[in-house]
Amino acid sequence: MRDAVVELRATGDFTALQEAIPYTRFMGITAKIVDGDVLGTMRYSEHLVGNALAQKLHGGTLGALLESTAIFKLLWHGETNAVPKTINITVEYLRGADSEDTLARAEFTRHGRRVANVRVFAWQRDPERPVAVATAHFLLVPD
């Protein structure tokens, strides 16, 4: 995993990191640098639907995208090659997420040497209309 983080920082390419995490592969979660910031994406897939009747994404999949995007941002901006450990995460579901790709961006509310607080926003068509937001706290693990 550490090699994937080193490669990410050297190239800006998240591919090796994403491939090293089976869960992100299964969920279809990817990340890339857009305008100097990390943009997380969860590609739509039938297995992500939680309400088959309404064709809405399962809330847990949105939580996974939010947490993964926060971790990707921490690794991109981090001073260590170790994956941060989630202390806690609170997700607010604002509206039903349709059966389509979902995007996410994270911002630091506090980034110390040992702990980071991150706010993450997920949306589909319009970033001004998020489908979910999260507040997460992470323990930054030294190498």
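Everything below is about the structure printed above this text.
Because the structure is a prediction, the values reported are computed rather than measured.

For the protein, the helix and strand inventory stands at 4 helices and 8 strands. The N-to-C order of helical and strand elements in the protein reads α-α-α-β-β-β-β-α-β-β-β-β. Classification of the 143 residues of the protein by burial places 40% in the buried group. Long-range contacts, defined as pairs at least 24 residues apart, comprise 60% of the intrachain contacts of the protein with a sequence gap of at least 6. Entry remark: accessible area of the protein is about 7,500 Å², with carbon and sulfur atoms responsible for 52%.

It is worth spelling out the packing of aromatic side chains at this point. A complete count under the given rule lists 2 aromatic pairs for this structure. Relative to Trp76, the ring of Phe14 has its centre 6.4 Å away and its plane inclined at 40°; by these criteria the two rings are tilted. Taken together, the residues Phe14 in the loop between α1 (2-11) and α2 (15-20) and Trp76 in helix α4 (residues 59-77) connect sequence positions 62 residues apart. Residue Phe14 is classed as buried on the basis of its relative accessible area of 1%. Here the aromatic cluster, defined as three or more aromatic residues joined through ring pairs, consists of Phe14, Phe72 and Trp76. Against the face of Phe108 rests Lys73, its NZ or CZ located 5.2 Å from the ring centre.

This next bit is on the pattern of salt bridges. Inspection of every chain in the model, using the stated rule, returns 6 salt bridges. The partner of Arg105 in a salt bridge is Asp37, with the nearest N and O atoms 3.9 Å apart. With Arg105 in strand β6 (residues 102-111) and Asp37 in strand β2 (residues 37-42), this residue pair connects regions lying 68 residues apart in the sequence. Assessed through its relative accessible area of 25%, Arg105 is described here as partly exposed. According to the relative accessible area criterion, Asp37 is buried, its value standing at 17%. Notably, a salt bridge pairs Arg125 with Asp98, separated by 2.7 Å at the nearest N-O pair.

Our focus in this paragraph is α4. Compared with an ideal rise of 1.5 Å per residue, which puts 19 residues at 27 Å, α4 spans 27 Å between its outermost C-alpha atoms and is within 8% of the ideal. Across the 19 residues that make up α4, a large majority, 14, are buried.

Here we come to the side chain of Thr61. If you trace the backbone, Thr61 turns up in helix α4. Judged by relative accessible area, which is 7%, Thr61 ranks as buried. There is a polar contact of 2.6 Å between the side chain of Thr61 and the backbone oxygen of His58. Excluding its chain neighbours within four sequence positions, the residues that come into contact with Thr61 are Met27, Met42 and Leu48.

For the rest of this paragraph, the subject is the side chain of Gln18. Within the fold, Gln18 resides in helix α2. If near-sequence neighbours (up to four positions away) are discounted, Gln18 is found in contact with Thr24, Arg25, Ile29, Thr30, Ala31 and Phe72.

Turning our eyes to something else, we now look at the nonpolar core. Ranked by internal contacts, the top residues of the largest apolar core, which has 34 residues, are Leu17 and Met42. Breaking this core down by element, the ones donating at least two residues are α1, β1 (29-34), β2, α4, β6, β7 (115-123) and β8 (132-139). Residue contributions to this core peak at 9 residues, all from α4.

Reading the values: rules and limits
Counting restarts for each chain: residues are numbered from 1 in the order of the written sequence. The predicted origin of the model limits local features to residues at a pLDDT of at least 70 and limits the giving and counting of side-chain atom pairs to 80 or more, whereas totals for whole chains, interfaces and linings rest on all residues. The basis for every side-chain value is the complete set of heavy atoms in the structure, and neither hydrogens nor water enter the calculation. Runs of H or I in DSSP of at least four residues are treated as helices and runs of E of at least two as strands, each being numbered from the N terminus. Residue burial is assigned from relative accessible area. The probe radius is 1.4 Å, only protein chains are included, and a residue is buried under 20% of its type maximum, exposed over 50%, and partly exposed in between. Contact definition: two residues touch when any of their heavy atoms are within 4.5 Å. All accessible areas in this document rest on Shrake-Rupley with a 1.4 Å probe, and a residue is counted as covered only by the protein chains that are shown. When the centres of two rings from Phe, Tyr and Trp lie within 6.5 Å, Trp using its six-membered ring, the rings pair. Their planes under 30 degrees apart give stacked, over 60 give edge-to-face, and anything left gives tilted. Consider the ring centre and the ring normal. A charge sits over the ring if Lys NZ or Arg CZ is within 6 Å of that centre and within 35 degrees of that normal. The working definition used for a salt bridge is a side-chain nitrogen of Lys or Arg within 4 Å of a carboxyl oxygen of Asp or Glu. Residue count minus one, scaled by 1.5 Å, sets the expected span of a helix. Pairing of N or O atoms within 3.5 Å defines a polar contact, subject to two protein rules: one partner must be a possible hydrogen donor and the other a possible acceptor, and residues neighboring in sequence count only if both atoms are side-chain atoms. Nine residue types can take part in a nonpolar core, namely buried Ala, Val, Leu, Ile, Met, Phe, Trp, Tyr and Cys, and a core is a set of them joined through side-chain atoms within 4.5 Å.

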